[in-house]
Amino acid sequence: MGRQPFSCVVVMAATAFLLLTTPAFAKSLEPDPVPDAWLRAHADASNGGFANVVTAPAARIAQSTASLGTIAFGAGPVIGQDGTVYIGNRQGTLFAFHADGSKAWSRQLPPGQEILASPAVGADGSIYVIGVSMVTDDRVTPPFVRPDSTLHKFLPGGGYLWNVPFPEPSAALPISNGRGGTTAPPALGYFGGIETVMVPVVYVNRLGVSRAVRVLAFSTEGPAVLGDILVTNFPSSQVTGGCPDDLLWCIIPLPGFEGHGVSTPVNPDDQLPAGATAPMPGAAIYLTEGGMPWILVSDQRHDIAAFTFAPQSGFTEVGRIHDESLRLASAPLVLPNTMTVVGGYSGAASFRGRDIRHPQIIKTGGTSLTRLADGKTIIAAGWDGFQVVRLRTVSDGDSWPGRTMVAPAASRSHIFFSTASAFYTYDATTLARLAKLDWRGGGVSPPAIGPRGDVYAVAGNKLYVFPRPCIACGLEPLSATMPPDDGPSAPAVQGDPGSAPQTGEALPLSNDVMSPEPGAPVAPQPAPTSQGSNKFKKPTGPAGLRLYACTVVGGNECGRPVADAFCQAQGWAEADKYDIDSKKEQAETLSGEVCTKNKCKMFDYIECEN
């Protein structure tokens, strides 16, 4: 593997999935026999990139989707507990796919909002996604172009609940600096019994052309901002470049993915796309040795800051690393023994637990990090291969011709790497290469692992599904060469930019409304009137029996009224289509009344729409 100068911070801490109690922390110290879901970017709140399941080598494709549109650099799929796969694109479409890769539903954000990071799935299955739009304020000369961000919440069935705009720290100014922009994925944890969304964000100051990195906290129980604190402020002397058409350059303080211009491959298929830019790193949430939740945030430059948080009082900074030699890149990765790692371009610093003020330096060339099942070994992926970090000792792994800028995904049995020209599988114990599947357009979206062992990866504008072990057993291996990506001309799925455009009613911009002070609740915004649909097969009532097709057993008010009420309970506007049949099976009404007749009217399916 070609090494490059590197200043990477290795920050190690405990994995705590819901972060409620000390028992939850103790549980994270040993492998959990219950399969994990890849609920957010890098799997969980610790950014470990590890799923506690057994997988099969990615030697054959079970399914591939039609065009996803344009996926932002660093954005990848996340997976709910039921195996549903979620991913968003830069055209503002949030897609949901069943575990086998078939489409479940899609929803469109208001016009102009892009999805620039992975979504996140909450404890109840709700999906949180950030929409970012560019706003031109021509009340000043020259016109000020700024990013504005909004957090959206969806139900697992695709219904829309609410949105909350990001706050304006400079609300007292006569001309707004805006609501900030981010390419960082949401992170979720429990604080004071409230599930909370944590998001790093960049605010651009039009007066001094400076940029401030802040971290925000949102309640999942309603559209409210619970906290807002500064991580780092970059003065104008440290900010280079303007705000061109590409939004990524406007909201990231670094000049881009630094490995992209080094040692250009001979084969064009091995290169990353022009302008590939490292996304903002997401926060890590974990419990320190004393059971106190900590939030770690990297400013993607020279600082890592640690915070505690309480919904009533907000954030408190409790520690910081500042080192001008650091060139940080990855999100903090937290190990079960409370050691933490942050990947960078010229070195690494590690600390344990609360000892953030005394980091130790590790020399490694990998900037994208994933931990293995033993809880001690880290795979550090550079742009042309990987190294192995264990107990601060670094050893070489393997190298490839294709470039990558994303972290691998690890299961108990395998490690999966996405590169520009191929998808690789390695044995998680021996680190031997087991499979290579050729493709084009990979290396810019991280793979993910489902709760039953399916593996999901994005190349070009397609989502590929690699089968779980029980599917692969006994089947003849297929060709390990993937058909070339057919680009934007591929058949479009509903909601894709290549199909009929999905329109939404834009939310009102905040220019003419004074925003509340940071930390104050924000009023709920109306749900966007967006296109989309979801087909519920064999829908059920409140007790889990098949849904009776009439309002009361034996009544005459059947079909449409019940179907509409069912859809509205799922967050949709109304029923588009439905089918009714009579079967020798118990059914129940929406109010819970049970049909005990020889045959009961029930819905075979209901298709809901907006």
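For clarity, every value in this text was computed on a predicted model and none was experimentally measured.

## Thoughts on the sheet that holds strand 16 (residues 284-287)
So, step 1. An order of 16-17-18-19 is seen for the four strands of this open sheet, with the pairing classed as antiparallel. Here the strands that pair on one side only, and so sit at the sheet edges, are strand 16 and strand 19 (314-322). If you compare each strand with its neighbour and ignore which way they point, the axes differ by 25° on average.
So, step 2. Of the strand pairs in this sheet, strand 16 and strand 17 (residues 293-298) are connected by four bridges, and their pairing is antiparallel. Bridge pairing in strand 17 places Ala284 opposite Leu296.

## Observations concerning the state of the cysteines
So, step 1. Per the counting criterion, the structure on display carries three disulfides.
So, step 2. In this model, Cys550 is linked to Cys558 through a disulfide, with the two sulfur atoms separated by 1.8 Å. Judged by the sign of its S-S torsion, about 95°, the bond between Cys550 and Cys558 is right-handed.
So, step 3. On the basis of relative accessible area, Cys550 is assigned to the buried category, the value being 1%.
So, step 4. Residue Cys558 is classed as partly exposed on the basis of its relative accessible area, which comes to 24%.
So, step 5. Put simply, Cys595 and Cys600 are joined by a disulfide, and their sulfur atoms are 2.1 Å apart. Across the S-S bond linking Cys595 and Cys600, the dihedral sits near -90°, which makes this disulfide left-handed.
So, step 6. Residue Cys600 is classed as buried on the basis of its relative accessible area of 0%.

## Examining the nonpolar core
So, step 1. Counting 47 residues, the largest nonpolar core has Leu151, Phe166 and Phe218 as the members making the most contacts within it.
So, step 2. When near neighbours in sequence (up to four residues on either side) are disregarded, Phe218 contacts Leu151, Val164, Pro165, Phe166, Glu195, Thr196, Val197, Val199, Ala224, Val225 and Leu226.
So, step 3. Formed by 22 residues, the second largest nonpolar core is a distinct cluster that contains Ala187, Phe191, Ala305 and Phe315.

## Remarks on the packing of aromatic side chains
So, step 1. One pass over the full model with this rule turns up 23 aromatic pairs.
So, step 2. Geometrically, the ring pair formed by Tyr286 and Trp294 is edge-to-face, given 6.4 Å between the ring centres and 65° between the ring planes.
So, step 3. Each member of the aromatic cluster is reached from another via a ring pair, and the members are Phe386, Trp400, Phe417, Tyr424 and Tyr426.
So, step 4. Sitting over the face of the ring of Trp572, Arg107 holds its NZ or CZ atom 4.5 Å from the ring centroid.

## Some thoughts on the environment of Phe97
So, step 1. Looking at the element boundaries, Phe97 is found in strand 5 (residues 93-97).
So, step 2. It is 8.7 Å that separates the C-alpha atoms of Phe97 and Ile87, two residues lying 10 residues apart in sequence.
So, step 3. Non-local contacts of Phe97, meaning those with residues more than four positions away in its chain, are made with Thr65, Leu68, Gly83, Thr84, Val85, Ile87, Ser102, Lys103, Ala104 and Leu463.

## A short note on the pairing of strand 30 (residues 422-427)
So, step 1. The element strand 30 is extensively covered by neighbouring structure, given that five of its six residues are classed as buried.
So, step 2. Bridge analysis of strand 29 (residues 414-418) against strand 30 gives five bridges, and the strand direction is antiparallel. When the sheet's bridge partners are listed, His414 is paired in strand 30 with Asp427.
So, step 3. The loop that links strand 29 with its antiparallel partner strand 30 comprises three residues.
So, step 4. Summarising the sheet, strand 30 and strand 31 (residues 433-438) pair through five bridges and their orientation is antiparallel. Looking at the pairing, Tyr426 lines up with Arg433 of strand 31.

## A closer look at the sheet that holds strand 27 (residues 393-399)
So, step 1. Taken in spatial order, the four strands line up as 24-25-26-27 in an open sheet, and their pairing is antiparallel. Because the sheet does not close on itself, it has two edges, and the strands there are strand 24 (368-371) and strand 27. Going across the sheet, the axis of each strand differs from the next one's by a mean of 25°, ignoring polarity.
So, step 2. In terms of strand pairing, strand 25 (residues 377-381) meets strand 26 (residues 385-390) through five bridges, oriented antiparallel. Looking at strand 26, one finds that Thr377 is bridged to Arg390.

## Describing unusual backbone geometry
So, step 1. Of note, Ala43 is a non-glycine position whose phi angle comes to about 85°, a positive value.
So, step 2. Turning to its location among the elements, Ala43 is positioned in the loop between helix 1 (22-28) and strand 2 (63-64).
So, step 3. The exposure class assigned to Ala43 is buried, which follows from its relative accessible area of 2%.

## Re the pattern of salt bridges
So, step 1. Within the structure shown, the criterion is met by 14 salt bridges.
So, step 2. Between Arg560 and Asp564 there is a salt bridge; the shortest N-O distance is 3.3 Å. Taken together, the residues span about one helical turn, with Arg560 and Asp564 both in helix 4 (residues 560-569) at a distance of four residues.
So, step 3. Judged by its relative accessible area of 17%, Asp564 is buried.
So, step 4. Salt-bridge contacts for Lys583 lead to Asp581; the nearest nitrogen and oxygen are separated by 3.5 Å.
So, step 5. Judged by its relative accessible area of 33%, Asp581 is partly exposed.

Conventions used here
Residues numbered from 1 in each chain as written. Predicted model: local features only at pLDDT ≥ 70, side-chain atom pairs only at ≥ 80, totals over all residues. Heavy atoms only, no water. Pairing = 2+ DSSP bridges. Helix = DSSP H or I, 4+ residues; strand = E, 2+ residues; numbered from the N terminus. Axes fitted to C-alpha atoms, helices over the stretch in contact; angles between N-to-C directions. Disulfide = S-S within 2.5 Å. Buried < 20%, exposed > 50% of the residue type's maximum accessible area, 1.4 Å probe, protein only. Core = buried A, V, L, I, M, F, W, Y, C linked by side-chain atoms within 4.5 Å. Contact = heavy atoms within 4.5 Å. Phe/Tyr/Trp six-rings, centres within 6.5 Å; stacked < 30°, edge-to-face > 60°. Lys NZ or Arg CZ within 6 Å of the ring centre and 35° of its normal. Salt bridge = Lys/Arg side-chain N within 4 Å of Asp/Glu carboxyl O.

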